[in-house]
Amino acid sequence: MRLYLSEGSAQGLKVLAAAGASGARVRLERVPPDGRVVPFLTHPRVPALHLDSGTFLFSPNAICQYFFLLAGKEPNDLTNQWLEWEATELQPAVSTALYCHLVQGKKGGEVLRAIRKTLTYIDQSLTSKATPYLAGEAESVADVVLWATLFPVLRDESCLPDELQALRSWFQTMNLSEPCRSAAVSVLTPEGAQAFKVYLQKQPGPSLHWEKPAANEPEEEELAERSLSEEEIAAAAEAWARGPAALPERWQPSSPVLPVEGRRNVLITSALPYVNNVPHLGNIIGCVLSADVFARYCRLRNWNTLYVCGTDEYGTATETKALEEGLTPQQICDKYNAIHAQIYRWFDISFDYFGRTTTAHQTTIAQDIFQRLLERDMLLTDTVDQLRCERCQRFLADRFVEGTCPFCNYEEARGDQCDKCGKLINAVELKKPQCKVCKDSPVVKSSQHLFLDLPKLEGRLEKWLEQSWATGDWTANSRFITRSWIRDGLKPRCITRDLKWGTPVPLDGFRDKVFYVWFDAPIGYLSITANYTDQWERWWKNPQQVQLYNFMAKDNVPFHSVVFPCSLLGAEDNYTLVNHLIATEYLNYEDGKFSKSRGVGVFGDMAQDTGIPAAIWRFYLLFLRPEGQDSAFSWTDLMLKNNSELLNNLGNFVNRAGMFVCKFFGGRVPPMELGADDKWLLAHVTLELRQYNQLLEKVRIRDALRCILSISRYGNQYIQVNEPWKRIKGHDADRTRAGTVTGVAVNIAALISVMLQPYMPSIGAAIQRQLCVPQGCNVLTDTFLCLLPPGHQIGTVNPLFQKLETEQIEDLRKRFGGGQPEDSTLELQAQAACMASADVMPPGPGGGAVLAGDPQKVKELAEVVAKQADHVRQLKASKAEKGQIDGEVAKLLELKKQLVLAEGKTPEPPAPKGKKRK
């Protein structure tokens, strides 16, 4: 093998280090950075690996992976995820940092700021997993690739912040490894560094906008550090002077909203929530709220937008809930559809239509797609082994089975998918399966079913994905999850179930079955639109004119990126397929997970009872939206963000700007004579506005919110430096200056009122009422205009936000921390029924009732407790993940409780959290 490298290349550093770490034997040849090595490429690509077979590899990460594969070191899912993250997140950040350092001559903290977010992510990942390397106990290709990307910036380890201890330890370990040291000496020579600097100088400068810290007041030099050209400042001042007349007319869509030729037509869907569940905060931010922000933004951009959602109402979960509450499945759907709709109204979600899947349109459209698949020979028939609970006397839906994952041994895998490794599972493949309702072990029964022939459709799917990924905005996790599915090879997927509550299968021999929910449910997007308008096909059979955005949590990705697209591709009816798949990670609650049964966490029907307005909930959930990694809701952080970012920063600025107009200028915007400082401010606000637009166009919702807060910080600093309340008492020049500062400030507040509408629509509307902002101003462009000209009359100005007190927050933390009385939940009622039928005690480890005083049961339970205790000790010793340990500890405590009951004793109440029993 022949490896072509150029001196000074950071990409060359990674491949040379990987060759050394894997023991690959290569012949090294030096070439200039613009050397043409790969004959069939138009542009030079170095490094490149020329295999003995004649094949070229010219992706640095692919070359690194190839070296490790030769050494027998297969990458796992975590390794692949790190490589994906390095390519999409770390490399752009490091490129910015290197440009700042080598081309602009910046040093230290100024350079580090560009990569601070990525460094923190690596540190948090290493800390949470408590492993010396990124993917486990042994060095992997991910460690070499990330080290090589970071090394040119972090050669001096002392520049690493002290708090990033896990990152520092890992980086030092990699620096000391012989392959990494040798690669650095070989590639990063003084001549190489100069050549790389010259190369960077020839490249267009990267965007130097990085995420700002969440603190209320950043250092002053941070706000002033980014230089602007005179041309940019002059252009901002010229645009400002054009005023609201320069805004395009607001687009008024038809009713119902339908695609319009020549306009940008945006179709937005949120994953359909299960009707039998009350959504918690994580469900809300993962789907409906994120989609709502984007829908509102699209409307502000004058894009022709339709946002639809609804409840997913078919399946075993609904049947079981109906039995529990003594209602019919349809009555359950009616009841909980209304609950969902009320929750989303309170959260100010702006659906164009919120529907449901239990409709005639759902049956018609689903059966039509099925018939088209059948006619095109896209379906298979096979015998399926299914899990059936004899105690409950029913086949179990996949999500009503839990057990150990057959791939990664995670002990709480569902019957359709493992939340830890992300792989899809057939329920019968689970180890130690349990019925979630009664905890019995189900038995395997056989039944004839229909399958979607995914292998036959794999070629079409890959061709479509290649095009969609090239032109659309798919989040990194959605791409990774989809790639992992395809890499493993597609298998036929069952589309029918032995249930009664669902869309009936229109085929002889299968008429006693219904469609499986993950074939049927995504078709709900189409049927819900059909209930909204009989011209639904203009949205859903119009890929040439419609851009489709799907919003969901990451566990829903395979069904939207593989299964549903294959159904539509196989139907061959010109369906609109997803262009942009937006998936979040998970939102956790404090130190654990949301649990309705344990009373842990805030659910949609509880948020309105906290006394905290919906706008504050929206803001905080969007502020910590889990875009790149899991995040956690924290009551303390909610209080801090409300009191600092909203009350002291944004609210304070808007209130001061409006109050100065009322107090000093009789409620009318004063004349403005712009000086150099004012024009500089206009240019910086324009820069933030453009960054806001760029981020939201890429659906980076959380990052765009920071732009609004940055603008209000600029405004606060502008007021503080110019002190209009003092100047108004001075000479004519001072009074003129006070008027200019006040007029500019109140116009910034007007701009904020528009930018804030996707995030906090009620607050945006309140600002506009107070400032009397004309409705025609509710259009977003890339220019900051003077929306409120001199003489504009504003209204009464009032505070926008209230302070959250520590005592109030502590009360809420206790209230939602567990142990609160619950509504009758599925698991508790089922367990109670089992206890009643057994006469005395909850079920023991074998599923049967435990009778107090039964010596045999006491002995069996004691053995199980001892075994579980050993298992917990082993997990702690091996530094397993906290969530896994917590789950096993909970099982141990429950077993101990059963043992105490079996011995005829009364269990002690649990000790208060954080205190030891005496």
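Our structure is the block above this text.
Residues numbered from 1 in each chain as written. Predicted model: local features only at pLDDT ≥ 70, side-chain atom pairs only at ≥ 80, totals over all residues. Heavy atoms only, no water.

1. Quick word on the overall build of the protein chain
The condition that has to hold: Helix numbering and strand numbering both begin at the N terminus, where a helix is a DSSP run of H or I of at least 4 residues and a strand a DSSP run of E of at least 2. Note on classification: 1.4 Å probe, protein chains only; a residue is buried when its accessible area is under 20% of the maximum for its type, exposed when over 50%, partly exposed between these limits. Contacts are assigned to residue pairs with any non-hydrogen atoms lying within 4.5 Å of each other. Using a 1.4 Å probe, the Shrake-Rupley method yields the accessible areas, and only the shown protein chains count as cover for residues.
Along the protein chain, the regular secondary structure elements total 34 helices and 20 strands. In the protein chain, which comprises 918 residues, the share counted as buried stands at 55%. Of all intrachain contacts in the protein chain linking residues separated by at least 6 positions in sequence, the fraction that spans at least 24 positions is 76%. Surface exposure of the protein chain reaches about 39,600 Å², of which carbon and sulfur atoms provide 51%.

2. Details of the sheet that holds strand β18 (residues 580-584)
To be explicit about the condition: Only strands that DSSP links by at least two bridges are regarded as paired with each other. Inter-axis angles, ranging from 0 to 180 degrees, are taken between N-to-C directions of lines fitted to C-alpha atoms, where helices are fitted over the stretch in contact.
If you trace the five strands from one edge of the open sheet to the other, you get β7-β6-β5-β17-β18, paired in parallel fashion. A single partner strand is all that each edge strand has here, and the edge strands are β7 (353-356) and β18. This sheet shows a mean twist of 20 degrees between the axes of neighbouring strands, independent of strand direction. Inspection of the sheet shows strand β5 (residues 265-270) paired to strand β17 (residues 546-553) by six bridges, in the parallel sense. Note on β17: the bridge partner recorded for Val-266 is Gln-547.

3. Points about the packing of aromatic side chains
Quick reminder of the rule: Stacked, tilted and edge-to-face are the three classes assigned to paired rings of Phe, Tyr and Trp, where Trp is represented by its six-membered ring and a pair needs centres within 6.5 Å; plane angles under 30 degrees give stacked, over 60 edge-to-face, the rest tilted. We count a charge as sitting over a ring when the NZ of a lysine or the CZ of an arginine lies within 6 Å of the ring centre and within 35 degrees of the ring normal.
With the rule as written, the count across this model stands at 33 aromatic pairs. Pairing Trp-680 with Tyr-714 gives two aromatic rings, centres 6.4 Å apart and planes at 80 degrees, and the pair type is edge-to-face. Placement of Trp-680 in helix α26 (residues 676-697) and of Tyr-714 in helix α27 (residues 701-722) is noted, with a sequence separation of 34 residues between them. Here the aromatic cluster, defined as three or more aromatic residues joined through ring pairs, consists of Tyr-589, Trp-617, Tyr-620, Phe-633, Trp-635 and Phe-816. When the ring centre of Phe-407 is taken as origin, the NZ or CZ atom of Lys-423, which lies over that ring, is 5.7 Å away. Here the basic side chain of Arg-706 rests over the ring of Phe-623, its NZ or CZ set 4.0 Å away from the ring centre.

4. A closer look at the sheet that holds strand β11 (residues 413-414)
As summarised here, the arrangement of the three strands in space is β11-β10-β12, forming an open sheet in which the pairing is antiparallel. Every interior strand has two partners, whereas the edge strands, β11 and β12 (431-435), have only one. Of the strand pairs in this sheet, strand β10 (residues 401-404) and β12 are connected by three bridges, and their pairing is antiparallel. The residue of β12 that forms the bridge with Glu-402 is Gln-434.

5. Side note on the packing of helix α24 (residues 614-623) against α27
The packing of two helices is summarised by the inter-axis angle and the distance between the axes. Test applied: Under the grouping applied here, Gly and all other residues not named as nonpolar or charged are polar, the nonpolar ones being Ala, Val, Leu, Ile, Met, Phe, Trp, Tyr, Cys and Pro and the charged ones Asp, Glu, Lys and Arg.
Taken N-terminus to C-terminus, the directions of α24 and α27 make an angle of 115 degrees; their axes are 8 Å apart at the nearest point. Residue-level inspection shows Phe-619, Leu-622 and Phe-623 of α24 in contact with α27, the latter providing Ile-701, Arg-702, Leu-705, Arg-706 and Leu-709. When grouped by side-chain class, the residues that make up the contact of α24 with α27 number six nonpolar, no polar and two charged.

6. Some details on the pairing of strand β13 (residues 443-452)
Inspection of the sheet shows strand β8 (residues 379-389) paired to β13 by ten bridges, in the antiparallel sense. Across the sheet, Thr-383 pairs through a bridge with Gln-448, a residue of β13. Pairing analysis gives two bridges linking β13 to strand β14 (residues 493-494), with the strands arranged antiparallel. Bridging across to β14, Phe-451 finds its partner in Cys-494.

7. A word on the pattern of salt bridges
As a reminder, the rule being used: In what follows, salt bridge is the name for a side-chain nitrogen of Lys or Arg lying within 4 Å of a carboxyl oxygen of Asp or Glu.
The full count for this structure, using the stated rule, is 41 salt bridges. Among the salt bridges present, the one from Asp-637 reaches Lys-641, with a minimum N-O distance of 2.5 Å. One end of the pair, Asp-637, and the other, Lys-641, are both in helix α25 (residues 635-665), four residues apart, so they sit about a helical turn from each other. Look at Asp-637 and you get partly exposed, because its relative accessible area is 22%. We classify Lys-641 as buried; its relative accessible area is 11%. When salt bridges with common partners are traced through the structure, they connect Lys-117, Arg-700, Arg-702 and Asp-703 into a single cluster.

8. Thoughts on empty space enclosed by the protein
Just so we agree on the cut-off: Cavity: a set of points on a 1 Å grid over the protein atoms alone where a 1.4 Å probe fits but cannot get out. Pocket: an open set with protein on both sides within 12 Å along at least five of seven lines, its lining residues, like those of a cavity, having an atom within 4 Å of a point. Grid points are joined across faces, edges and corners, and a volume is the space filled by probe spheres set on the points.
For the coordinates displayed, the defined rule picks out four cavities of 30 Å³ or more. Here the residues of the lining of the largest cavity are counted per class, giving nine nonpolar, two polar and no charged.

9. Quick word on unusual backbone geometry
The peptide bond linking Ser-255 to Pro-256 adopts the cis configuration, its omega dihedral lying at 0 degrees. For Lys-439, which is not glycine, the phi dihedral falls at a positive 75 degrees. With respect to the helices, strands and loops of the structure, Lys-439 is situated in the loop between β12 and β13. We classify Lys-439 as partly exposed; its relative accessible area is 30%.

10. What to know about the side chain of Thr-358
Quick note on the threshold: Identification of polar contacts relies on pairs of N or O atoms within 3.5 Å, with a donor-acceptor requirement for protein atoms, meaning one able to donate a hydrogen and the other able to accept it, and with residues adjacent in sequence counted only if both atoms are side-chain atoms.
Along the polypeptide, Thr-358 turns up in the loop between β7 and α16 (360-375). Here Thr-358 falls in the buried class, since its relative accessible area comes to 15%. Within polar-contact distance, the side chain of Thr-358 engages the side chain of Glu-313 at 2.5 Å. Here Arg-356 takes part through its side chain, which lies 3.5 Å from a polar atom of the side chain of Thr-358. If near-sequence neighbours (up to four positions away) are discounted, Thr-358 is found in contact with Glu-313, Tyr-314, Gln-330, Cys-333 and Trp-501.

11. A short note on the pairing of β8
With two bridges connecting them, β8 and strand β9 (residues 394-395) associate as antiparallel partners. Following the sheet pairing, Cys-389 is matched in β9 by Arg-394. Between β8 and β9, which pair antiparallel and follow one another directly, the connecting turn spans four residues, one of which, Gln-393, has a positive phi of 60 degrees.

12. Notes on α16
Rules: Expected helix span is taken as 1.5 Å per residue step, with the number of steps being one fewer than the number of residues. By definition, the arc is the one covered by directions from the helix axis to the C-beta atoms.
Here α16 is 16 residues long and its end C-alpha atoms lie 22 Å apart, about the 22 Å a rise of 1.5 Å per residue gives. All of the buried residues in α16 are Gln-362, Ile-365, Ala-366, Ile-369, Phe-370, Arg-372 and Leu-373. Along the long axis of α16, the arc covered by the buried residues comes to 160 degrees, so they all point the same way. Turned more than 90 degrees from where α16 packs its buried face, Ala-360, Thr-364 and Glu-375 sit exposed. Contacts from the buried residues of α16 go to β8, β13, β16 (514-515), α19 (517-520), α20 (523-532) and α22 (557-571). In the stretch just after α16, Asp-377 is the one whose phi turns positive, near 60 degrees.

13. So, the nonpolar core
Note the following rule: In plain words, nonpolar cores are sets of buried Ala, Val, Leu, Ile, Met, Phe, Trp, Tyr and Cys residues tied together by side-chain atoms within 4.5 Å.
If you look at the biggest cluster of nonpolar residues, it comprises 189 residues, and the most contacted ones within it are Ile-268, Ile-369, Trp-617, Trp-635, Tyr-692, Tyr-759 and Met-760. Ranked by residue count, the leading element in this core is helix α29 (residues 732-755), at eleven residues. In contact with Trp-635, other than residues within four places in its own chain, are Tyr-589, Glu-590, Val-602, Ile-612, Trp-617, Ile-809, Leu-812, Arg-813 and Phe-816.

Taken by themselves, the reported measurements are silent on function.
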